[in-house]
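Here is how the chains run, residue by residue.
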Amino acid sequence: MSKSANRPESRGRLQFVIRRIGLWCFVLLLFLAAAYGANNKLDISEYTYASDELSYSFDGFRIVHISDLHNKVFAQDNAAVMQEIRGMQPDIIVLTGDMIDASNHTDIPAAELFMQQVSEIAPVYYVLGNHENLLDKADLTAFEEKIREYGIVLLENERVQIPSKTGQTISLIGMDDNSLQANLLQTLAEEAPDDFCILLAHEPQYLEEYYAKAGVDLVFSGHAHGGQFRIPFTHQGIWAPDQGFLPELTEGCVEAKSGDTTMYISRGLGNSSFPLRLANHPEIICVTLRVSS
Ligand SMILES: [Fe+2]
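All of the points below concern the structure found in this document.

What counts, and at which threshold
- Residues numbered from 1 in each chain as written.
- Predicted model: local features only at pLDDT ≥ 70, side-chain atom pairs only at ≥ 80, totals over all residues.
- Heavy atoms only, no water.
- Helix = DSSP H or I, 4+ residues; strand = E, 2+ residues; numbered from the N terminus.
- Polar contact = N/O pair within 3.5 Å; in protein donor to acceptor, adjacent residues only side chain to side chain.
- Contact = heavy atoms within 4.5 Å.
- Patch = residues over 30% accessible without salt bridge, like charges linked within 9 Å, V, L, I, M, F, W, Y side chains within 5 Å.
- Areas by Shrake-Rupley, 256 points an atom, 1.4 Å probe, with all protein chains shown as cover.
- Salt bridge = Lys/Arg side-chain N within 4 Å of Asp/Glu carboxyl O.
- Pairing = 2+ DSSP bridges.
- Axes fitted to C-alpha atoms, helices over the stretch in contact; angles between N-to-C directions.

1. Some words on the side chain of R267
Relative to the helices and strands, R267 is located in the loop between strand 15 (262-265) and strand 16 (283-291). Polar contacts involving the side chain of R267 include one to the side chain of D43, which spans 2.8 Å. At a separation of 3.0 Å, a polar atom in the side chain of R267 contacts the side chain of N280. Look past the residues within four positions of R267 in its chain and what remains in contact with it is D43, H225, G226, R230, T250, E251, R277, N280, H281, P282 and E283.

2. Some words on a nonpolar patch on the surface
Taken together, the side chains of L23, W24, F26, V27 and L30 make up a nonpolar region of the molecular surface, amounting to roughly 560 Å² of accessible area. The residue L30 is located in helix 1 (residues 3-40) in this model.

3. Quick word on the sheet that holds strand 8 (residues 197-200)
Spatially, six strands are ordered 6-7-8-9-15-14 in an open sheet, and the strand pairing comes out mixed. Each of the sheet's edge strands pairs with one partner strand only, and the pair in question is strand 6 (158-163) and strand 14 (252-255). Here the strands of the sheet are splayed against their neighbours by 25° on average, with no regard to which way each runs. Where strand 8 lies against strand 9 (residues 218-221), three bridges are found, and the strand directions are parallel. In the strand pairing of strand 9, I198 is matched with L218.

See the structure below:
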(Lines give C-alpha, C1' and ligand atoms only; values in the text may rest on other atoms or scores of the structure.)
Protein backbone atom coordinates (compact mmCIF):
# COMPACT_ATOMS: atom_id res chain seq x y z
CA MET A 1 0.00 0.00 0.00
CA SER A 2 1.26 3.48 -0.78
CA LYS A 3 2.11 6.13 1.91
CA SER A 4 -0.59 8.50 0.70
CA ALA A 5 -3.24 5.80 1.32
CA ASN A 6 -2.21 5.72 5.04
CA ARG A 7 -2.60 9.49 5.64
CA PRO A 8 -6.33 9.64 6.59
CA GLU A 9 -5.85 6.77 9.05
CA SER A 10 -2.84 8.38 10.81
CA ARG A 11 -4.61 11.77 10.90
CA GLY A 12 -7.58 10.09 12.54
CA ARG A 13 -5.32 8.46 15.13
CA LEU A 14 -3.65 11.80 15.86
CA GLN A 15 -7.03 13.47 16.38
CA PHE A 16 -8.03 10.64 18.74
CA VAL A 17 -4.86 11.10 20.83
CA ILE A 18 -5.34 14.90 20.95
CA ARG A 19 -8.97 14.46 22.07
CA ARG A 20 -7.85 12.02 24.79
CA ILE A 21 -5.18 14.40 26.06
CA GLY A 22 -7.70 17.25 26.04
CA LEU A 23 -10.18 15.15 28.01
CA TRP A 24 -7.58 14.21 30.64
CA CYS A 25 -6.46 17.85 30.95
CA PHE A 26 -10.08 18.86 31.49
CA VAL A 27 -10.57 16.17 34.16
CA LEU A 28 -7.33 17.25 35.86
CA LEU A 29 -8.40 20.90 35.84
CA LEU A 30 -11.78 19.96 37.32
CA PHE A 31 -10.04 17.92 40.05
CA LEU A 32 -7.63 20.76 40.90
CA ALA A 33 -10.48 23.30 41.03
CA ALA A 34 -12.49 20.99 43.34
CA ALA A 35 -9.44 20.32 45.51
CA TYR A 36 -8.66 24.04 45.77
CA GLY A 37 -12.26 24.75 46.80
CA ALA A 38 -12.25 21.90 49.31
CA ASN A 39 -8.99 23.14 50.85
CA ASN A 40 -10.32 26.66 51.28
CA LYS A 41 -13.95 26.08 52.25
CA LEU A 42 -14.27 26.53 55.99
CA ASP A 43 -16.38 24.19 58.15
CA ILE A 44 -17.69 25.57 61.45
CA SER A 45 -18.34 22.75 63.93
CA GLU A 46 -20.60 23.79 66.81
CA TYR A 47 -20.81 21.72 70.00
CA THR A 48 -22.50 22.09 73.36
CA TYR A 49 -20.74 20.71 76.41
CA ALA A 50 -22.81 20.33 79.59
CA SER A 51 -21.43 19.72 83.08
CA ASP A 52 -22.76 19.98 86.62
CA GLU A 53 -19.28 21.00 87.74
CA LEU A 54 -19.50 24.35 86.02
CA SER A 55 -20.51 27.45 87.91
CA TYR A 56 -23.68 29.10 86.59
CA SER A 57 -21.66 32.12 85.56
CA PHE A 58 -20.13 29.98 82.79
CA ASP A 59 -23.47 28.93 81.34
CA GLY A 60 -23.31 30.03 77.70
CA PHE A 61 -19.52 30.63 77.77
CA ARG A 62 -18.21 30.18 74.22
CA ILE A 63 -14.80 28.79 73.34
CA VAL A 64 -13.55 29.02 69.76
CA HIS A 65 -10.89 26.43 68.99
CA ILE A 66 -8.40 26.87 66.14
CA SER A 67 -5.51 24.57 65.32
CA ASP A 68 -2.87 23.71 62.71
CA LEU A 69 -2.94 26.86 60.64
CA HIS A 70 0.47 25.97 59.18
CA ASN A 71 0.84 29.67 58.25
CA LYS A 72 -2.00 29.45 55.74
CA VAL A 73 -3.53 32.75 54.62
CA PHE A 74 -7.13 32.63 53.43
CA ALA A 75 -8.54 34.96 50.80
CA GLN A 76 -8.41 38.73 51.32
CA ASP A 77 -5.92 38.41 54.19
CA ASN A 78 -8.25 36.16 56.20
CA ALA A 79 -11.10 38.70 56.12
CA ALA A 80 -13.91 36.14 55.70
CA VAL A 81 -12.40 33.81 58.29
CA MET A 82 -12.13 36.62 60.84
CA GLN A 83 -15.72 37.58 60.14
CA GLU A 84 -16.81 33.99 60.85
CA ILE A 85 -14.86 33.92 64.12
CA ARG A 86 -16.23 37.31 65.19
CA GLY A 87 -19.73 36.06 64.39
CA MET A 88 -19.31 33.19 66.86
CA GLN A 89 -18.96 35.79 69.66
CA PRO A 90 -16.28 33.86 71.54
CA ASP A 91 -15.50 34.56 75.19
CA ILE A 92 -12.05 33.09 74.60
CA ILE A 93 -10.14 31.68 71.64
CA VAL A 94 -7.81 28.71 72.11
CA LEU A 95 -5.04 27.83 69.66
CA THR A 96 -3.62 24.32 69.89
CA GLY A 97 -0.37 24.59 68.00
CA ASP A 98 1.25 24.34 64.57
CA MET A 99 0.24 27.87 63.70
CA ILE A 100 3.56 28.03 61.83
CA ASP A 101 4.73 25.35 59.44
CA ALA A 102 8.34 24.29 59.77
CA SER A 103 8.56 22.02 56.73
CA ASN A 104 8.78 23.29 53.17
CA HIS A 105 6.80 26.54 53.26
CA THR A 106 7.59 28.30 56.53
CA ASP A 107 6.05 31.79 56.64
CA ILE A 108 6.25 33.31 60.11
CA PRO A 109 4.74 36.72 59.13
CA ALA A 110 1.64 34.89 57.81
CA ALA A 111 1.15 33.20 61.19
CA GLU A 112 1.74 36.51 62.99
CA LEU A 113 -0.91 38.20 60.82
CA PHE A 114 -3.51 35.56 61.72
CA MET A 115 -2.65 35.76 65.40
CA GLN A 116 -2.80 39.53 65.47
CA GLN A 117 -6.23 39.35 63.83
CA VAL A 118 -7.69 36.81 66.29
CA SER A 119 -6.23 38.71 69.24
CA GLU A 120 -8.46 41.64 68.28
CA ILE A 121 -11.59 39.48 68.67
CA ALA A 122 -11.27 37.90 72.14
CA PRO A 123 -8.65 36.84 74.70
CA VAL A 124 -6.40 34.22 73.10
CA TYR A 125 -4.62 31.29 74.78
CA TYR A 126 -2.02 29.35 72.82
CA VAL A 127 0.16 26.26 73.11
CA LEU A 128 3.06 25.33 70.84
CA GLY A 129 2.82 22.32 68.51
CA ASN A 130 5.56 20.14 67.10
CA HIS A 131 6.15 22.53 64.19
CA GLU A 132 6.84 25.64 66.28
CA ASN A 133 9.32 23.56 68.23
CA LEU A 134 11.18 22.71 65.01
CA LEU A 135 11.90 26.37 64.28
CA ASP A 136 15.26 27.97 64.74
CA LYS A 137 15.47 29.08 68.41
CA ALA A 138 15.97 32.76 67.55
CA ASP A 139 12.98 32.72 65.17
CA LEU A 140 10.77 31.07 67.78
CA THR A 141 11.80 33.55 70.47
CA ALA A 142 11.09 36.51 68.15
CA PHE A 143 7.69 35.00 67.24
CA GLU A 144 6.80 34.49 70.91
CA GLU A 145 7.73 38.09 71.71
CA LYS A 146 5.60 39.33 68.84
CA ILE A 147 2.47 37.41 69.81
CA ARG A 148 2.86 38.47 73.45
CA GLU A 149 2.76 42.06 72.17
CA TYR A 150 -0.68 41.21 70.75
CA GLY A 151 -1.75 40.15 74.24
CA ILE A 152 -1.84 36.42 73.41
CA VAL A 153 -1.19 34.20 76.44
CA LEU A 154 1.36 31.51 75.58
CA LEU A 155 0.99 28.62 78.00
CA GLU A 156 4.19 26.64 78.40
CA ASN A 157 3.37 23.91 80.90
CA GLU A 158 1.39 26.23 83.11
CA ARG A 159 -2.08 26.99 84.35
CA VAL A 160 -4.11 30.18 84.38
CA GLN A 161 -7.53 30.99 85.76
CA ILE A 162 -10.16 32.12 83.26
CA PRO A 163 -12.72 34.49 84.75
CA SER A 164 -16.42 34.63 83.95
CA LYS A 165 -18.18 37.98 83.70
CA THR A 166 -19.07 37.74 87.39
CA GLY A 167 -15.61 36.80 88.59
CA GLN A 168 -15.80 33.02 89.11
CA THR A 169 -13.01 31.09 87.44
CA ILE A 170 -12.19 27.85 85.67
CA SER A 171 -8.70 26.46 85.22
CA LEU A 172 -6.95 26.36 81.87
CA ILE A 173 -3.75 24.32 81.51
CA GLY A 174 -1.56 24.58 78.41
CA MET A 175 1.13 21.98 77.70
CA ASP A 176 4.01 22.66 75.32
CA ASP A 177 4.13 19.82 72.79
CA ASN A 178 7.87 19.50 73.20
CA SER A 179 7.78 18.87 76.92
CA LEU A 180 4.47 17.20 77.56
CA GLN A 181 4.97 15.03 80.62
CA ALA A 182 2.31 13.01 82.41
CA ASN A 183 3.66 13.86 85.87
CA LEU A 184 3.77 17.60 85.24
CA LEU A 185 0.26 17.60 83.79
CA GLN A 186 -0.99 15.58 86.77
CA THR A 187 0.57 18.08 89.19
CA LEU A 188 -0.89 21.10 87.40
CA ALA A 189 -4.35 19.48 87.32
CA GLU A 190 -4.22 18.49 91.00
CA GLU A 191 -3.14 21.98 92.04
CA ALA A 192 -5.97 23.64 90.12
CA PRO A 193 -8.16 25.43 92.64
CA ASP A 194 -11.40 25.03 90.71
CA ASP A 195 -13.67 22.09 90.07
CA PHE A 196 -13.52 22.53 86.34
CA CYS A 197 -10.31 22.19 84.33
CA ILE A 198 -9.59 22.60 80.61
CA LEU A 199 -6.41 21.41 78.89
CA LEU A 200 -4.82 22.63 75.65
CA ALA A 201 -2.49 20.00 74.19
CA HIS A 202 -1.47 19.68 70.55
CA GLU A 203 -1.51 15.89 70.14
CA PRO A 204 -4.72 13.90 70.70
CA GLN A 205 -3.31 10.39 70.99
CA TYR A 206 -2.46 10.85 74.68
CA LEU A 207 -6.11 11.07 75.68
CA GLU A 208 -6.17 7.89 77.77
CA GLU A 209 -2.51 7.72 78.77
CA TYR A 210 -2.10 11.31 80.02
CA TYR A 211 -5.17 13.53 79.80
CA ALA A 212 -7.87 11.31 81.29
CA LYS A 213 -5.49 10.08 83.98
CA ALA A 214 -4.80 13.68 85.00
CA GLY A 215 -8.56 14.08 85.46
CA VAL A 216 -9.07 17.17 83.32
CA ASP A 217 -12.64 17.76 82.20
CA LEU A 218 -12.13 19.10 78.70
CA VAL A 219 -9.27 18.83 76.22
CA PHE A 220 -8.73 20.79 73.00
CA SER A 221 -6.34 19.20 70.54
CA GLY A 222 -5.34 19.08 66.86
CA HIS A 223 -2.28 17.64 65.06
CA ALA A 224 -4.09 14.91 63.06
CA HIS A 225 -5.37 17.16 60.22
CA GLY A 226 -8.51 15.04 59.99
CA GLY A 227 -6.45 12.20 58.56
CA GLN A 228 -5.46 14.39 55.53
CA PHE A 229 -7.31 12.30 52.91
CA ARG A 230 -10.66 11.07 54.13
CA ILE A 231 -12.79 8.36 52.63
CA PRO A 232 -15.87 10.31 51.46
CA PHE A 233 -19.00 9.98 53.66
CA THR A 234 -17.17 7.95 56.32
CA HIS A 235 -15.21 10.54 58.37
CA GLN A 236 -12.36 8.04 58.25
CA GLY A 237 -8.97 9.58 57.60
CA ILE A 238 -6.23 7.72 55.82
CA TRP A 239 -3.18 8.79 57.81
CA ALA A 240 -2.23 11.01 60.73
CA PRO A 241 1.14 11.79 62.32
CA ASP A 242 1.90 9.59 65.34
CA GLN A 243 -1.21 7.48 64.69
CA GLY A 244 -0.34 6.02 61.28
CA PHE A 245 -2.84 4.55 58.83
CA LEU A 246 -6.59 4.61 59.51
CA PRO A 247 -6.15 6.75 62.65
CA GLU A 248 -8.90 6.86 65.31
CA LEU A 249 -8.46 10.35 66.74
CA THR A 250 -8.67 12.86 63.91
CA GLU A 251 -11.75 15.03 64.51
CA GLY A 252 -14.84 15.71 66.56
CA CYS A 253 -15.86 15.09 70.14
CA VAL A 254 -14.35 12.03 71.83
CA GLU A 255 -15.10 10.67 75.31
CA ALA A 256 -12.22 8.99 77.14
CA LYS A 257 -12.82 5.31 77.85
CA SER A 258 -11.70 5.80 81.42
CA GLY A 259 -12.52 8.76 83.62
CA ASP A 260 -14.72 11.68 82.73
CA THR A 261 -12.69 13.55 80.13
CA THR A 262 -14.06 14.89 76.85
CA MET A 263 -11.76 15.89 74.01
CA TYR A 264 -12.44 18.08 70.98
CA ILE A 265 -10.09 17.48 68.05
CA SER A 266 -9.81 20.09 65.33
CA ARG A 267 -9.08 19.02 61.76
CA GLY A 268 -7.11 22.26 61.54
CA LEU A 269 -6.93 24.98 58.92
CA GLY A 270 -3.82 24.30 56.89
CA ASN A 271 -1.48 21.68 55.53
CA SER A 272 2.09 20.76 56.26
CA SER A 273 4.50 19.31 53.69
CA PHE A 274 1.77 17.66 51.61
CA PRO A 275 -0.32 20.57 50.26
CA LEU A 276 -3.66 18.86 49.68
CA ARG A 277 -6.60 17.47 51.67
CA LEU A 278 -9.40 15.38 50.26
CA ALA A 279 -12.98 15.24 51.65
CA ASN A 280 -11.59 17.16 54.60
CA HIS A 281 -12.38 20.88 54.78
CA PRO A 282 -10.44 23.24 57.04
CA GLU A 283 -12.29 23.53 60.35
CA ILE A 284 -12.94 25.86 63.26
CA ILE A 285 -14.66 24.49 66.38
CA CYS A 286 -16.93 26.44 68.71
CA VAL A 287 -17.94 24.88 72.04
CA THR A 288 -20.67 26.42 74.20
CA LEU A 289 -20.50 25.48 77.88
CA ARG A 290 -23.76 24.71 79.64
CA VAL A 291 -24.52 23.99 83.26
CA SER A 292 -26.41 20.74 83.76
CA SER A 293 -28.26 19.94 86.96
FE1 LIG B 1 -0.13 20.20 62.17
